[in-house]
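# Structure at a glance
If you want the building blocks of each chain, they are given just below.
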Amino acid sequence: MDLSFSADQLALKSSVIEFASKELNRNLRERERAGEFSRDAWRACARFGIQGLPIPEEFGGSEADILTTVLVMEGLGYACRDNGLIFSLNAQMWSIELPLLKFGTLAQQRAYLPGLVSGDIIGVHAMTEADSGSDAFSMKTRVERRGDRYILNGSKLYITNAPVADVVIVFASLNPGHGFAGTCAFIVEKGTPGFEVSRSLDKMGLRTSPMGEVILTDCEVPVENRLGKEGAGMAIFNSSMEWERSCILASAVGAMQRQLETCIQYAKTRKQFGQAIGKFQSISNKIADMYLRLEAARLLIYKVAWLKQEGKAGLAEAALAKVFTSEAWIQSSLDAIQIHGAYGYMTEAEIERDLRDSLAGTIYSGTSEIQRMIIARTLGL
């Protein structure tokens, strides 16, 4: 396994750090307090090429390999303190762009991918329901086929990007008695009769990433808007989740690098009892542990990216990377606050935000409990 990066890859990472530092942190404290999604930042990311990283050039992307994509997202997480914006970007890239690329018809790809890449439209998928979270396929949203149309009824909850989305991949059950095999996926555009985002949801963290509830009431879509074959919903969802679990926390690695550097600098300059606090073992050990978690998380994410680039299965590795990195980010965020003391607890320090944002990492894209179940099953348990 070769995880060395070329000069071009490293230059690209440096350029995204420079771009994000200049363009993506403006008025963040005010926007985060108000729960405001920045379309200007979204479009800036599109101009830079973030949304198009894994997408072929024919649809406006740069066709970057997954290791390059992970490296860029790591750089983005390092320089962009708006974790909500990054979360929304990830949600679009892995839950709608990649499914369209892998399962969509050429007509569907041409209809949606260029706009998603350019930032002209925003998309996401809708799976979670009030009574269907980790048990994703116990969904109550139903679909009925009537000739060349499908009629969808149901609701989806906690849907990232829903309040601003122009297109949504909706999962629904066509044949409930068939379990997983009865699930289908449909491309539904904003403005379709019967499709409604009923409310925006206020959150503890990731506040600049909009989240809402989707209501489907006799929502009629043409058969050409079905993604994949009838019954392919499970395959589409699982493929999306493996990509998401592999890549969504690459930005957290960048954030953990930023936390580490911030804490080292503070520990060198903050003095108590006549010396820099970094000289005290209780502080230096915390920083050493932050470094240990950072390097372990980075290697786990790079490994699963390498596996996928080689075309190899990475189910267990994606689960390992997801559960470890999400929990490591929380602990490093706690350590960063503790190292900074009362100042770290203040919103003006912009340190406590990472803790609030990191907590969701153990829930989205499959909870830590589900990841451990996946790991255990791959071990034969």
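Look up: the structure comes first, before these words.
Residues numbered from 1 in each chain as written. Predicted model: local features only at pLDDT ≥ 70, side-chain atom pairs only at ≥ 80, totals over all residues. Heavy atoms only, no water.

### Examining the packing of aromatic side chains
The full count for this structure, using the stated rule, is 7 aromatic pairs. Seen from their ring centres, F37 and W42 are 5.7 Å apart, and the 55° between their planes marks the pair as tilted. On the accessibility criterion, W42 (1% relative accessible area) is buried. Judged by centre distance (4.6 Å) and plane angle (45°), the ring pair of F87 and Y364 falls under tilted. (Phe/Tyr/Trp six-rings, centres within 6.5 Å; stacked < 30°, edge-to-face > 60°. Buried < 20%, exposed > 50% of the residue type's maximum accessible area, 1.4 Å probe, protein only.)

### Observations regarding empty space enclosed by the protein
In this approach, a probe sized like a water molecule rolls over the atoms, and the result shows the empty space that is left. Scanning the model with the defined rule gives 1 cavity of 30 Å³ or more in all. Along its surface, the largest cavity is lined by N83, I86, F87, N90, L206, I248, L249, S251, W329 and Y364. Broken down by element, the residue count for the lining of the largest cavity peaks at 4 residues, all from helix α5 (residues 83–103). Broken down by class, the residue content of the lining of the largest cavity amounts to 7 nonpolar, 3 polar and no charged. (1 Å grid on protein atoms, 1.4 Å probe; cavity = no way out; pocket = protein on both sides within 12 Å on 5 of 7 lines; lining within 4 Å. Points joined across faces, edges and corners; volume = space filled by probe spheres on them. Helix = DSSP H or I, 4+ residues; strand = E, 2+ residues; numbered from the N terminus. Nonpolar A, V, L, I, M, F, W, Y, C, P; charged D, E, K, R; others polar.)

### Some words on a positive patch on the surface
A cluster of basic side chains, namely R39, R43, R47 and K190, defines a positive patch on the protein surface. Residue classification places R47 among the exposed positions, given a relative accessible area of 65%. (Patch = residues over 30% accessible without salt bridge, like charges linked within 9 Å, V, L, I, M, F, W, Y side chains within 5 Å. Areas by Shrake-Rupley, 256 points an atom, 1.4 Å probe, with all protein chains shown as cover. Salt bridge = Lys/Arg side-chain N within 4 Å of Asp/Glu carboxyl O. Lys, Arg positive; Asp, Glu negative; His and termini not counted. Charge placed at Lys NZ, Arg CZ, Asp CG, Glu CD.)

### Things to note about the nonpolar core
Counting 68 residues, the largest nonpolar core has L24, I50, V70, M73, L76, L85 and I339 as the members making the most contacts within it. Only α1 (7–23), α3 (39–48), α4 (66–79), α5, α8 (250–269), α9 (281–309) and α10 (315–345) provide two or more residues apiece to this core. Among the elements that take part in this core, α9 stands out by supplying 11 residues, more than any other. Ignoring any residue separated from it by four or fewer positions in sequence, one finds I339 in contact with C263, Y266, I277, I283, K286, I287 and M290. (Core = buried A, V, L, I, M, F, W, Y, C linked by side-chain atoms within 4.5 Å. Contact = heavy atoms within 4.5 Å.)

### Focus on the layout of surface pockets
The space that makes up the largest pocket amounts to roughly 1,300 Å³. If you go around the largest pocket, you meet 49 residues; those closest to its centre are T128, I363, Y364, S365 and G366. Within the residue set of the lining of the largest pocket, elements represented by two or more residues are α5, β1 (123–126), β3 (149–160), α7 (233–247), α10 and α12 (368–378). Looking at the lining of the largest pocket element by element, the count peaks at 7 residues for α7. Looking at the lining of the largest pocket residue by residue, the classes come out as 28 nonpolar, 12 polar and 9 charged.

### So, the environment of G344
Along the chain, G344 turns up in helix α10. Between the C-alpha atom of G344 and that of N175, which follows or precedes it by 169 residues, the distance is 52 Å. Not counting residues up to four positions away in its chain, the partners in contact with G344 are I337, A349, I351 and E352.

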